[in-house]
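As a plain string of letters, each chain reads:
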Amino acid sequence: MSGSGGRCGLVALISGRGSNLQALLDAAAQGKLNADIRAVISNCPGAYGLERARRAGVSAITVDHKAFSARGCFEAALRQCIDRFCPDLIVLAGFMRILQQSFVACYAGKMLNIHPSLLPKYRGLHTHERVLAAGERVHGASVHFVTPDLDAGPVIVQARVPVLPNDDPETLAARVLAQEHRIYPLAVRWYAEGRIRLVGDAVFFDNQPMTAPRFVDTYENDTIL
Ligand code: GRF
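Fair warning: this is a prediction, and the values are worked out from it, not measured in the lab.

Section: the site of the ligand
Part 1 of the argument: Neighbouring the ligand are the residues R17, G18, S19, N20, G94, I114, H115, P116 and E180.
Part 2 of the argument: Here an oxygen atom of the ligand sits 2.5 Å away from a polar atom, N or O, in the side chain of S19.
Part 3 of the argument: The separation between a nitrogen atom of the ligand and a polar main-chain atom of I114 is 3.0 Å.
Part 4 of the argument: Starting from 370 Å² of accessible surface for the ligand in isolation, the protein chains cover 86%.
Part 5 of the argument: Looking at the shell around the ligand, the elements that each hand over two or more residues are α1 (19–29) and β5 (111–115).

Re the pattern of salt bridges
Part 1 of the argument: Per the counting criterion, the structure on display carries seven salt bridges.
Part 2 of the argument: Across the salt bridge formed by E51 and R54, the nearest N and O atoms sit 3.6 Å from each other. Of this pair, E51 and R54 are both found in helix α2 (residues 48–55), three residues apart, which corresponds to roughly one turn of the helix.
Part 3 of the argument: E193 is the salt-bridge partner of R189, the closest N and O atoms lying 3.7 Å from each other.

Describing the pairing of β5
Part 1 of the argument: Within β5, five of the five residues are buried, which leaves it mostly tucked inside the rest of the structure.
Part 2 of the argument: With three bridges joining them, strand β4 (residues 89–92) and β5 adopt parallel strand pairing. Opposite L92, over in β5, you have N113 as the bridge partner.
Part 3 of the argument: Each parallel crossover has a hand, and the one from β4 via helix α4 (residues 101–106) to β5 is right-handed.

With respect to the packing of aromatic side chains
Part 1 of the argument: In this structure the tally under the stated criterion is four aromatic pairs.
Part 2 of the argument: In this arrangement the basic side chain of R160 is found over the ring face of F215, its NZ or CZ atom lying 3.9 Å from the centre.
Part 3 of the argument: Note that R214 overlies the ring of F205, its terminal NZ or CZ placed 3.8 Å from the centroid.

Structural notes on helix α6 (residues 169–192)
Part 1 of the argument: The terminal C-alpha atoms of α6 lie 33 Å apart, and with 24 residues this matches the ideal 34 Å at 1.5 Å per residue to within 8%.
Part 2 of the argument: Its side-chain oxygen placed 3.0 Å from the backbone nitrogen of E170, D168 serves as the N-cap of α6.
Part 3 of the argument: Positive phi appears at G194, one or two residues downstream of α6, with a value of about 75°.

A short note on the sheet that holds strand β9 (residues 202–205)
Part 1 of the argument: As summarised here, the arrangement of the three strands in space is β8-β9-β10, forming an open sheet in which the pairing is antiparallel. In this open sheet, the two edge strands, each paired with only one partner strand, are β8 (196–199) and β10 (208–209).
Part 2 of the argument: Note that β9 and β10 share two bridges and pair antiparallel. Counted as the bridge partner of F204 is P209 from β10.

Points about the environment of G18
Part 1 of the argument: Checked against the element boundaries, G18 lands in the loop between β1 (8–14) and α1.
Part 2 of the argument: Judged by relative accessible area, which is 7%, G18 ranks as buried.
Part 3 of the argument: Each C-alpha atom of the pair G18 and S42 lies 9.9 Å from the other, and the pair is 24 residues apart in sequence.

Section: the state of the cysteines
Part 1 of the argument: One pass over the structure, following the stated rule, counts zero disulfides.
Part 2 of the argument: Left without a disulfide partner, C8 is nearest to the cysteine sulfur of C86, which lies 13 Å away.
Part 3 of the argument: Of the residues examined, C8 reaches a relative accessible area of 1% and is grouped as buried.
Part 4 of the argument: Its sulfur unpaired, C86 is 12 Å from the next cysteine sulfur, which belongs to C81.
Part 5 of the argument: On the accessibility criterion, C86 (55% relative accessible area) is exposed.

Criteria and thresholds
- Residues numbered from 1 in each chain as written.
- Predicted model: local features only at pLDDT ≥ 70, side-chain atom pairs only at ≥ 80, totals over all residues.
- Heavy atoms only, no water.
- Near = heavy atom within 4 Å.
- Polar contact = N/O pair within 3.5 Å; in protein donor to acceptor, adjacent residues only side chain to side chain.
- Areas by Shrake-Rupley, 256 points an atom, 1.4 Å probe, with all protein chains shown as cover.
- Helix = DSSP H or I, 4+ residues; strand = E, 2+ residues; numbered from the N terminus.
- Salt bridge = Lys/Arg side-chain N within 4 Å of Asp/Glu carboxyl O.
- Buried < 20%, exposed > 50% of the residue type's maximum accessible area, 1.4 Å probe, protein only.
- Pairing = 2+ DSSP bridges.
- Right-handed = clockwise from strand over helix to strand, strands pointing away.
- Phe/Tyr/Trp six-rings, centres within 6.5 Å; stacked < 30°, edge-to-face > 60°.
- Lys NZ or Arg CZ within 6 Å of the ring centre and 35° of its normal.
- Expected span 1.5 Å × (residues − 1).
- Disulfide = S-S within 2.5 Å.

Next comes the structure, spelled out in structure tokens:
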């Protein structure tokens, strides 16, 4: 899937440690992504993910939101930076800035996000703490298309994990993160292969509208298989 007829080109936006980015870089290096990661852009100058990109030989760029007086100016600069790489797909990989409707509209159907919960449950921050406080027995991660409402775009794929009796936010986050690292490269590969696309509000998978997200978890009857 590529606007230019070649391989799918991808730009990743990050803010921090970039472990999901690493999963994508690794999948790309192993030929499992069917996409080229053309650039990694961070809004935080010290983000460790930038170092991961450099080590993989990928352009690592900072567009520091603090250097701009208004959100719109930051997003205009970010767009300019993204568009230099003519990406077919933009992946948000721990990108911690809320994006305005005008920005999202520029990349409608071309932007994915990974979120550490089983959407539509637990949109927003501190998902693991909230899941524990609510006494949930199942938690997980979701990859979804980005739409103007935060964490509310159509979900493509999810992975579930059990919440165990002695979990704290860190142990639970680690269990979820391991699944994030599986499902994000998978969703990107599906996109790169032209298997998923957003049509209106619906995700089409192999030309069929999806009625529910795919589950690719290793979870069944309260145990990780
Ligand atoms: C992940 O939990 C992701 O789901 C969320 O932000 C976190 C980023 O972690 N959107 P990393 O930077 O990929 O390690």
